[in-house]
Structures are given as C-alpha cells and as structure tokens.
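Reading the structure
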Amino acid sequence: GTGCITIDVLGGKPGKLQETVVEGERGPKIALIDIEGVLSEGARPTRLGFGEDESPVARVRAQLDKAAKDRAVKAVVLRIHSPGGTATASEIIYGEIQRFKAKKSVPVVAQLVGIATSGAYYAAMAADSVYANPTTVTGSIGVIFVSVNVSGLMANLGLADQTITTGPYKDAGSPLRPMTPEDRALMQGVLNDLYRRFVQVVAAGRPQLSAARVTELADGRIYSATQAQASGL
C-alpha cells in the first residue's frame, strides 16, 4: 500500500462539500475531517469501476480550506484510517495541514483509527497531538519500490525484450530484464532520499525523539498502538 515512487498526475476535483453535525446544536465547532483509503494525488476508480472518486489530496485540501474560513471552528480532528500511499500524496497532505495551521491558530489533533501506516502516519505528523485506539496498527515508516523480473518466464515462452531507450537507466526496474547492480544502486539512492525526508518529518512531529532514534524505529515494521506509544511514536 505504499508505492512511494509512483507520481500521479494531479487531478480529481473534490465533490461539493456538505457540512453535517455529529453532535451538538450551537456554539464553537470542532471540524472532523476524514483521511481514509489509499493516499494518491489523482482520482481513484470507484469500487465497481464506473467513474472515479475524488482525489484524497484534493478532498483534504478543500475541507481544510473550508474549516479555515469558518470562524466558528476552534479545533480540527483528523480521523485517519489509511494504509498510506504515494510519497507525494503524503507530503502534500502533510503540507496542507501545516498550511492550515499557519493560517488558523487552532489545535489540530490526529486520531488514528484501525490502520494508520506509512504515508498516513507521515501525514499525522503535522498534527499537534496524535491519539490512537488500543487496536490501531501504525508505523511502517519507510519507502518501498516493488519490482519483479519475468525475463526467465519470457525466455521459456520464446519471448524476448526489445525495449528501446534513450539512456541506460531509462528502463531501470523494468520487469522485462534483470536489474543490474547499477540499476539497483540508482533506485536505492532515490528511495534513500525519500526515506530521509520521511525520517525528517517524523522527527519534526515527535520532538521528544532524536533523528537517530527515529531512524532506529523506522525500519519498516508495523507497531501496535501500545508499542507506538511506548516508543514515543
């Protein structure tokens, strides 16, 4: 659920926003904003495959903008239930929360629900406080690039790769040929840069932890809510 190398084209305008009341009748408001599903910059196909849902990034941006303009909003709760998503979507949502906080000085609380891993935890680091249910699964701090090599299968079927590129690294990570040591070093360098940014974000969001301690915790493993709390995450 990470796919942090994928860069989608920005799109998927949010649908018309409609405010609903969860509890209460009058007075100051606490805005409840859901961040759920796989985080991506672009619109997502619907479950039945007919049409597209709005972009998670665009939806969160629109909801935060609406909350920023509402003088009655005195706090925001981000209810997060997501396995993460692309590095860029996670970074944009993180930045949108930071932008909201700079515009409107109210408390922002992240509530981690069933699962809040990888890019979802990344986004939560922009909140002032982070809470989790006892059964929440979180963590998975890291970056992954998934690739397979099917060249052996192709050879058994009598198929050969005829890819033409303009440079030796243009097809790095292609499933049609084995990955060379140079390809692997190139891809690892990209992932390392994205990982360093992830560690930087967590260290900024959890000031009680040093960057070195965050790096120790950020080995890709998931944590229970109890483990995450005990470790300072």
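Position numbers for residues start from 1 in each chain and track the written sequence from start to end. In keeping with the predicted nature of the model, local features appear solely for residues at pLDDT of at least 70, side-chain atom pairs appear and are counted solely at 80 or more, and the whole-chain, interface and lining totals rest on all residues. Each side-chain value is worked out from all heavy atoms of the structure, with water and hydrogens disregarded.

**Description of the pairing of strand β4 (residues 73–82)**
- For two strands to be treated as a pair, DSSP must find no fewer than two bridges joining them. Secondary structure elements follow DSSP: runs of H or I of four or more residues count as helices, runs of E of two or more count as strands, with numbering from the N terminus. Bridging between strand β1 (residues 29–36) and β4 involves 8 bridges; their strand directions are parallel. Residue pairing across strands places Lys29 opposite Val73, the latter belonging to β4.
- Crossover handedness for the path β4 to helix α2 (residues 87–103) to strand β5 (residues 108–117): right-handed. By convention, a crossover is right-handed whenever its connection, traced from the first strand over the helix to the second and viewed with the strands pointing away, goes clockwise.

**Brief notes about the pairing of strand β6 (residues 129–132)**
- Strand direction decides the pairing type here: β5 and β6, joined by 4 bridges, are parallel. Within the sheet, the bridge partner assigned to Leu112 lies in β6 and is Ala132.
- Once you follow β5 into helix α3 (residues 119–124) and on to β6, the crossover reads as right-handed.

**Side note on the environment of Leu233**
- Turning to its location among the elements, Leu233 is positioned in the segment after α7 (225–231).
- A sequence separation of 30 residues divides Leu233 from Ala203, and the C-alpha atoms of the two residues are 9.4 Å apart.
- By definition, residues are in contact when any of their heavy atoms lie within 4.5 Å. In contact with Leu233, not counting residues within four places along its chain, are Tyr121, Met125, Ile141, Val202, Arg206, Leu209, Leu217, Tyr223 and Ala228.

Function cannot be read off these values alone, since they describe shape.
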